[in-house]
Amino acid sequence: MRFLMWLLLGVLVVFALRKKAQNLTRPAEPSQPFQAPPQEAEFATTATENAETMVCCELCQLYIPASEAVIKEHKSYCCAAHADQS
Ligand SMILES: [Zn+2]
């Protein structure tokens, strides 16, 4: 009976280690575009150079990748229409 307990414990340890190994070997997920909460607006509007960063539209506050943003007079917009409206 004691042998069964040790066997069960060993199986549990193996499963735990395999789960841990999967977490370690899993590649980092690529950054996805996201809707940032309003409190991050200040940070987003200042970062317009890096293509990986998100920027905030000056008009509608929509977050878009900096590479897709329309830049006008050092301000970022989600589309040309909003850049023209400012
Ligand atoms: Zn906009």
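For clarity, every value in this text was computed on a predicted model and none was experimentally measured.

Moving on to the overall build of the protein chain. Helices and strands together make up the secondary structure of the protein chain, namely three helices and four strands. In the protein chain, which comprises 86 residues, the share counted as buried stands at 21%. Partitioning the intrachain contacts of the protein chain with sequence separation of at least 6 by distance along the chain shows that 14% fall at a separation of at least 24. Total accessible area on the protein chain stands at roughly 7,200 Å², and carbon and sulfur atoms take up 61% of it.

What follows is about the coordination of the zinc ion. With distances of 1.8 to 2.4 Å, the protein atoms coordinating the zinc ion are C57 (SG), C60 (SG), C78 (SG) and H82 (ND1). Between the four donor atoms coordinating the zinc ion, the angles at the centre fall across 96 to 124°, so the site counts as tetrahedral. Read N to C, the donor residues that coordinate the zinc ion are spaced as C-x2-C-x17-C-x3-H. Here C60 is found in the loop between β1 (54-56) and β2 (63-65), whereas its partner C78 is found in the loop between β4 (75-77) and α3 (80-85), with 18 residues between them in sequence. Classification of C60 as partly exposed rests on a relative accessible area of 37%.

What follows deals with the side chain of S76. Structurally, the position occupied by S76 is in strand β4. Within the structure, the side chain of S76 is placed 3.1 Å from the backbone oxygen of C56, a separation counted as a polar contact.

Criteria and cut-off values
Residues numbered from 1 in each chain as written. Predicted model: local features only at pLDDT ≥ 70, side-chain atom pairs only at ≥ 80, totals over all residues. Heavy atoms only, no water. Helix = DSSP H or I, 4+ residues; strand = E, 2+ residues; numbered from the N terminus. Buried < 20%, exposed > 50% of the residue type's maximum accessible area, 1.4 Å probe, protein only. Contact = heavy atoms within 4.5 Å. Areas by Shrake-Rupley, 256 points an atom, 1.4 Å probe, with all protein chains shown as cover. Donors = N, O, S within 2.8 Å, 3.2 Å for Na, K, Ca; no water. Tetrahedral: all angles 85-135°; square planar, octahedral: opposite > 155°, others 65-115°. Polar contact = N/O pair within 3.5 Å; in protein donor to acceptor, adjacent residues only side chain to side chain.

Just distances and angles here, no functional claims.
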